[in-house]
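An overview of the molecular structure
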Amino acid sequence: MSKSIIFLFIYLIFFVSCSKNKVDQVLLDQDVETEMVKAYKEGIRQLESGDALFASKKFDEAEILLPQSIWAAKASLMSAYALYSQNYYVDAIFNLERHIKRYPKDKNIVYAHYLIAICYFEQLYDEKKDLKPLVEARQRFEYILKIYPNTDYAIDAKWKMGLIVDQMASKEMYIGRYYMKKEKWIAAINRFQFVVKYYDTTIYIEEALHRLVEIYYKIGLVEEAKKVAAVLGYNHGSGEWYKNSYRVFNKSYKTKKVTEKKKDSFIKKKFKKLLE
């Protein structure tokens, strides 16, 4: 057998082998993509049925099956949202931070930043808790306002920043009331004065002034109490807290109990766009 025939024979074997490998690879890729789509759709079904934890696992599975696919980034976000929807904030934040590092050019990257902020924000509504979620939420919303100022995320972030400031004031008020109950008057005065100085645009300014009136009067600083009451009356004369302060000096004056009004996120609206 001549060398040319041997060479041709070897070439044909190599060519057929390579072609077979390419065909096998194409079929394998198609199988993997089919499995990925199947896992993603199963995640959607489970999320809609209320099993968010299982849904998150299916989205993770979809991402792992085809990490280079356009579906991978979407599956990553869906996994984080599923965890967020059931208040697994720590796990959701971890997934979102990973998403930002892994998919920095994702077209929905602003949503990831926003959802992190929301995860911290939704832990705010208990004035007894520590300040960490409060501070983190504020920093995250400030980032959105700075980096994505012309988005509707920024509009919502700006509104929520106002609520965060209210919550910071609420924290100060809670501590101030605690000191009042313990009769630690100086510590309480410091807290209420802090609210008056730094949170004068919040809903707590009237109560802070009233509490100062109460404390000053109680510890014998009547003139100081009158000065603060005058400020409260001048700025909020028609409010219930001023009426309560008036009663401090006029015990027979009847007042109504002051109740606080509670306040809500367009996160679901934005989530639905991820499904498009």
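Computed from a prediction, not measured in an experiment: that's the story for all the values here.

1. A few points about the overall build of the protein chain
Secondary structure summary: the protein chain contains 12 helices and 0 strands in total. Reading the helices (α) and strands (β) of the protein chain from amino to carboxyl end gives α-α-α-α-α-α-α-α-α-α-α-α.

2. Here we look at the side chain of His113
Here His113 lies in helix 5 (residues 109–121). Ignoring any residue separated from it by four or fewer positions in sequence, one finds His113 in contact with Ile100, Tyr143, Ile144 and Tyr148.

3. Observations concerning helix 9 (residues 205–218)
The α-helix winds at 3.6 residues per turn, so residues separated by three or four positions along the chain end up facing the same way. The first and last C-alpha atoms of helix 9 sit 20 Å apart over 14 residues, in line with the 20 Å expected at 1.5 Å per residue. Among the 14 residues in helix 9, 10 count as buried, and that is most of the element. At its buried positions, helix 9 is contacted by helix 7 (152–181), helix 8 (185–198), helix 10 (222–236) and helix 11 (240–249). Among the residues trailing helix 9, Gly220 stands out with phi positive, at a value near 95°.

4. What to know about the pattern of salt bridges
Taken as a whole, this structure holds 15 salt bridges when the rule is applied. In this structure, Glu223 and Lys226 form a salt bridge, with 4.0 Å as the shortest nitrogen-oxygen distance. A residue pair is termed a helical-turn pair when its members lie 3 or 4 positions apart in one helix, as Glu223 and Lys226 do in helix 10 at 3 residues. For Glu223, a relative accessible area of 52% puts it in the exposed group. For Lys226, a relative accessible area of 43% puts it in the partly exposed group. Taken together, the shared-partner salt bridges in this structure form one network comprising Arg177, Glu207, Arg211 and Glu214.

5. Overview of the packing of helix 8 against helix 9
Two elements in contact, helix 8 and helix 9, have axes separated by 9 Å at closest approach and are oriented at 150°. By the angle between their axes, helix 8 is roughly antiparallel relative to helix 9. Considering the relative orientation of helix 8 and helix 9, their crossing is left-handed. Listed contacts from helix 9 to Trp185, Ala188, Ile189, Phe192, Gln193, Val195 and Val196 of helix 8 are Ile205, Ala208, Leu209, Arg211, Leu212, Ile215, Tyr216 and Lys218. Partitioning the contact of helix 8 with helix 9 into residue classes produces 12 nonpolar, 1 polar and 2 charged.

6. Here's the deal with the nonpolar core
If you look at the biggest cluster of nonpolar residues, it comprises 68 residues, and the most contacted ones within it are Leu47, Tyr84, Phe141 and Ile164. Broken down by element, this core gets its largest block of residues, 12 residues, from helix 5.

7. Notes on the confidence of the model for the protein chain
When the pLDDT values of the protein chain are averaged, the result is 81; 77% of them are 70 or greater. Scored below 50 in pLDDT, residues 260–264 shows 8 contacts in the model against residues more than four places distant or in partner chains.

8. Some details on unusual backbone geometry
You will see that Asn87, though not glycine, has its phi angle at about 65°, which is positive. Residue placement: Asn87 occurs in the loop between helix 3 (70–85) and helix 4 (89–102). Backbone geometry places Glu183, a non-glycine residue, at a positive phi of 60°. Locating Glu183 in the fold gives a position in the loop between helix 7 and helix 8. Accessibility expressed as a relative area gives 53% for Glu183, which makes it exposed.

Calculation notes
Residue positions are counted from 1 within each chain, in the order its sequence is given. Predicted model: local features are reported for residues with pLDDT of at least 70 only, side-chain atom pairs are reported and counted for 80 or more only, and whole-chain, interface and lining totals are derived from all residues. Think of the side-chain values as coming from all heavy atoms in the structure, minus any hydrogens and water. Only DSSP runs of H or I with at least four residues qualify as helices, and only runs of E with at least two residues qualify as strands; both kinds are numbered from the N terminus onward. The contact criterion used is simple: two residues touch if any of their non-hydrogen atoms lie within 4.5 Å. The span you would expect from a helix comes to 1.5 Å times its residue count less one. Partly exposed residues are those whose accessible area sits between 20% and 50% of the maximum for their type, while under 20% is buried and over 50% is exposed, using a 1.4 Å probe and protein chains only. Throughout this description, the term salt bridge denotes a Lys or Arg side-chain nitrogen within 4 Å of a carboxyl oxygen of Asp or Glu. In this analysis an axis means a line fitted to C-alpha atoms, helices contributing only their contacting stretch, and an angle means the value between N-to-C directions, from 0 to 180 degrees. In these notes the angle categories are as follows: under 35 degrees is roughly parallel, over 145 is roughly antiparallel, 65 to 115 is roughly perpendicular, and the rest is oblique. Take the far helix as your reference; a near helix turned counterclockwise from it by less than a right angle gives a left-handed crossing, and one turned clockwise gives a right-handed crossing. Charged residues are taken to be Asp, Glu, Lys and Arg, nonpolar residues to be Ala, Val, Leu, Ile, Met, Phe, Trp, Tyr, Cys and Pro, and polar residues to be all remaining types, Gly included. Put simply, a nonpolar core is a bunch of buried Ala, Val, Leu, Ile, Met, Phe, Trp, Tyr and Cys residues held in one set by side-chain atoms that sit within 4.5 Å of each other. Every residue gets a pLDDT, meaning the predictor's confidence in that residue, from 0 to 100.

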